[in-house]
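# Summary of the model geometry
Given next are the chains, with one letter for each unit.
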Amino acid sequence: MSAITAQGLTRRFGELTAVDNLTFEVPSGGVVGFVGPNGSGKSTTIRVLLGLIEASDGVATVLGEPITHPERFAHRVGALIEAPTFIGSLSAWDNLRSMAALRGLPEQRIHEVLDIVGLAGREKDKASTFSLGMKQRLGIAAALLPDPELLVLDEPTNGLDPAGIVEIRTLLKSLADGRRTVVVSSHLMSEIQAMADDLVVIRFGKLLYSGSLSGLMEDAVEHVIAAPEFSADLPQLIASIESRNWTYTAHGDFLHIEVPAASSADVGRAAHEAGVTLGQLTPRQDNLEDVFLRLTGGTDAELAASRGQQRSPGATP
Amino acid sequence: MTTTLTTKTTNPIASTPGLVNTFRSEWIRIWHSSLRYGGFGVLSFFSVLISYFIYSSLADPTAAAGPPGRTTAADLEQAGGMIHALGSISTLAGIVVLSLWAIATASDYDSGLIRVLVQAQPSRLTLLGGKIIALSFFTVLLSAATVFVTSAIARPLARAYEVDTEQWRIDAAVEMASGFFNFLVPVLVWGLIGLMIAVLTRSSGTAIGVGIGWLLVVENLIGITAPDITHLMPGGTLSALAAGGTNDLSWSSALSLTLLYGALAACISLFAFRNRDIVS
């Protein structure tokens, strides 16, 4: 059974279509990245799926239940929607106790989730004294209270420092056991690439890709980045590359040559034959962000300009 | 939108009714120090302050009557005089309770907690119903504390200002109960009005501003332009009930109208909360 399915899911705010005819499927188990730039409609889609706002059109299910009846799946889903939200003057324990009471859960479960997120021993501290990373972990603890089959985390690494990001990433990967599906929305593609098994990629509310990360990365292009030691040698280097019919783009003195990474020796040889000493020779493979930009044909600004209109579909009123 | 029909699953963890769970969850959040000490502290302070003003401003402790609207010693010497000040405290208490209910409701939107709450308990009527019950229980405790403080401070003040307390013993329990009822019901309706404005505006500051602005400004303006209907406005009606009825509005009419205002506020709140999107 799929964790989430959506067919033609649409949400309009007046004339603005924030989620535009989305059709995708999230498989059960593992980490699923819900990817798109800021304002692409990720949060709106999550809110629609969790029953916080109604869909304008389309059909969707969560854990096999229609999203029009969230009461049928709410007890099997944990969510951290946008920023973690707590009453700062309450202790971490009381904040979690309040959420556990709402779900009819015993207090023993609070100990368990605090252990999982590494906050055991800090439960008596007020939530307002927590660092951003600790607040994120507390938010994840609250989402884990019902021992959910589906964990939906909206931008869980927002505002964290690199160490905090690694910490959350490690935690999320450990949570995605065979039984549990962890859906992580983020505009940070490098983060998603580091933890996701599957991807749903959207932009301007439209679906760009749905499937495995490895499937998408099959389109990744291998480059060799080469730069002459002296700028004056650049024309000879370019001539040598062109003579071999290699595709390249120039970024100042740096040439991004589209050849398999294993061919960096060939580039070095070509430079040597042209009498050019290289200052840099680096094999590199496209990352998710590169693939995403290739998929969309440019940056947001470029695409918006080409569409002749500027819009921000993810912005909810 | 169209839906996919699937088999309904039961909730294995929801062994207790949703309304009870919601009440327990809400109570943990309400019963935290700032609301608890703030609510009890402010109302106790007003009880003492207004009681003191009432006793200290008695023109003639032995006079049978005084200027219209001014409390006399004779008023205070009657059975139930021990809690006579409650009628005067009621409006201020109403503003405090309106503010507390508005803060407790709108802060869920301000903080974004409402998203988590609705995800965990998708039945919005249950969610708001539990909040109303929890806030009502809190208000009952606040009102009981106010009645206690008012009656406790009355005896030393009466001694200090030479008010005869002989008749205070007559039907003291009944007088206390009716005084408590007349104080509690309007204050609860003030709370419901605060909740309604908070649900509609989703901002505690705006909700408090609108509530106080209505009571102190709008009703006074209406009083100038259409004095005949002032006593039927929420502020006038609730004050009339707290005072045990007035010349313009009998106790029973005030109670009926107060309950109508409360029911209206609750219905509007539940309808709006049930049907509007959950956005911050």
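Here the residue index of a chain counts from 1 through its sequence in written order. Note on labels: chains are lettered from A, ligands numbered from 1, in written order. pLDDT decides what is reported in this predicted model: residues at 70 or higher carry local features, side-chain atom pairs at 80 or more are listed and counted, and totals for whole chains, interfaces and linings draw on all residues regardless. As a rule here, side-chain values come from all non-hydrogen atoms in the structure, and water together with hydrogens is ignored.

## Quick word on the packing of helix 4 (residues 86–111) of chain B against helix 6 (residues 124–160) of chain B
For any two helices packed against each other, one specifies the crossing angle of their axes together with the interaxial distance. Residues and elements named next belong to chain B. Note the threshold: A fitted line through C-alpha atoms represents every axis, and for helices the fit uses only the stretch in contact; the resulting angles, taken between N-to-C directions, go from 0 to 180 degrees. Strands are runs of DSSP state E lasting at least two residues, helices are runs of H or I lasting at least four, and both sets are numbered from the N terminus onward. Orientation categories follow fixed angle ranges, with anything under 35 degrees roughly parallel, anything over 145 roughly antiparallel, 65 to 115 roughly perpendicular, and all other angles oblique. Note: crossing handedness is left-handed where the near helix turns anticlockwise from the far helix by less than a right angle, and right-handed where it turns clockwise. A contact between two residues is defined here by any heavy atoms of the two lying within 4.5 Å.
Taken N-terminus to C-terminus, the directions of helix 4 and helix 6 make an angle of 150°; their axes are 11 Å apart at the nearest point. The orientation of helix 4 relative to helix 6 falls into the category roughly antiparallel. In this structure, helix 4 meets helix 6 at a crossing whose hand is right-handed. Counted together, Leu86, Ile89, Val97, Leu100, Trp101, Ala104, Thr105 and Asp108 of helix 4 and Lys131, Ile132, Leu135, Ser136, Phe138, Thr139, Leu142, Thr146, Val147 and Thr150 of helix 6 form the full contact between these two elements.

## Focus on the confidence of the model for chain A
Condition: As a per-residue quantity, pLDDT reports the predictor's confidence and falls between 0 and 100.
Residues of chain A with pLDDT of at least 70 account for 92%, and the chain-wide mean is 87. Below pLDDT 50 for its whole length, residues 307–317 of chain A participates in 25 contacts with residues either more than four positions away or in separate chains.

## Overview of the pairing of strand 4 (residues 57–62) of chain A
For a regular strand, the rule is simple: side chains alternate between the two faces of the sheet. Residue and element names in this part refer to chain A. Our working definition: Partly exposed residues are those whose accessible area sits between 20% and 50% of the maximum for their type, while under 20% is buried and over 50% is exposed, using a 1.4 Å probe and protein chains only. A strand pair is defined by DSSP finding two or more bridges across the two strands.
Among the 6 residues of strand 4, 5 are classified as buried, and the element is accordingly described as predominantly covered. Bridge analysis of strand 1 (residues 4–13) against strand 4 gives 5 bridges, and the strand direction is antiparallel. Of the residues in strand 4, the one forming a bridge with glutamine 7 is valine 59. Both strand 4 and strand 5 (residues 65–66) contribute to a ladder of 2 bridges, which runs antiparallel. Looking across to strand 5, one finds that valine 62 is bridged to glutamate 65.

## Section: the sheet that holds strand 13 (residues 254–257) of chain A
All names here are of chain A. Strand order in this open sheet of 4 strands is 12-13-11-14, and the pairing throughout is antiparallel. Either end of the sheet is taken by a strand with one partner, and the two such strands are strand 12 (248–251) and strand 14 (278–285). Between one strand axis and the next, the sheet turns by 20° as a mean value, whatever way the strands run. Across 3 bridges, the pairing between strand 11 (residues 222–228) and strand 13 is antiparallel. Bridge pairing in strand 13 links isoleucine 225 to histidine 256.

## Focus: the interface of chain B and chain A
Selection rule: The term buried area refers to how much accessible surface (probe radius 1.4 Å) is lost by two components on association, counted for both of them together. Salt bridges are defined by distance alone: a side-chain nitrogen of Lys or Arg within 4 Å of a carboxyl oxygen of Asp or Glu. Here a polar contact means two N or O atoms within 3.5 Å. Within protein one must be a hydrogen donor candidate and the other an acceptor candidate, and residues neighboring in sequence count only if both atoms are side-chain atoms. Residues are grouped as follows: Ala, Val, Leu, Ile, Met, Phe, Trp, Tyr, Cys and Pro are nonpolar; Asp, Glu, Lys and Arg are charged; every other residue, Gly included, is polar.
Contact with chain B, which involves 38 residues of that partner, is made by 45 residues of chain A. Carbon and sulfur atoms make up 60% of the area that chain B and chain A hide from each other, which totals about 3600 Å². Across the chain B-chain A interface, the total number found is 2 salt bridges. In this structure, the salt-bridge partner of aspartate 277 of chain B is arginine 11 of chain A, at a minimum N-O distance of 2.7 Å. For the pair chain B and chain A, the number of links is 10 residue pairs in polar contact (both at pLDDT 80 or more). If you list the elements that add at least two residues to the side of chain B that touches chain A, you get helix 1 (18–30), helix 5 (113–120) and helix 6 of chain B. Here the side of chain B that touches chain A takes 7 residues from helix 5 of chain B, the largest share from any one element. Residues belonging to the side of chain B that touches chain A are distributed by class as follows: 13 nonpolar, 19 polar and 6 charged.

## Structural notes on a nonpolar patch on the surface
All names here are of chain B. Defined as follows: Patches here are clusters of residues that have more than 30% relative accessible area and form no salt bridge, with a 9 Å joining cutoff for like charges and a 5 Å cutoff for nonpolar side chains (Val, Leu, Ile, Met, Phe, Trp, Tyr). Working definition of accessibility: Shrake-Rupley area with a 1.4 Å probe, residue cover restricted to the visible protein chains.
A cluster of nonpolar residues, Phe45, Leu49, Tyr52 and Phe53, forms a patch on the protein surface that exposes about 400 Å² of accessible area. For tyrosine 52, the location among the structural elements is in helix 2 (residues 33–56). Among the residues examined, tyrosine 52 registers a relative accessible area of 40% and is labelled partly exposed.

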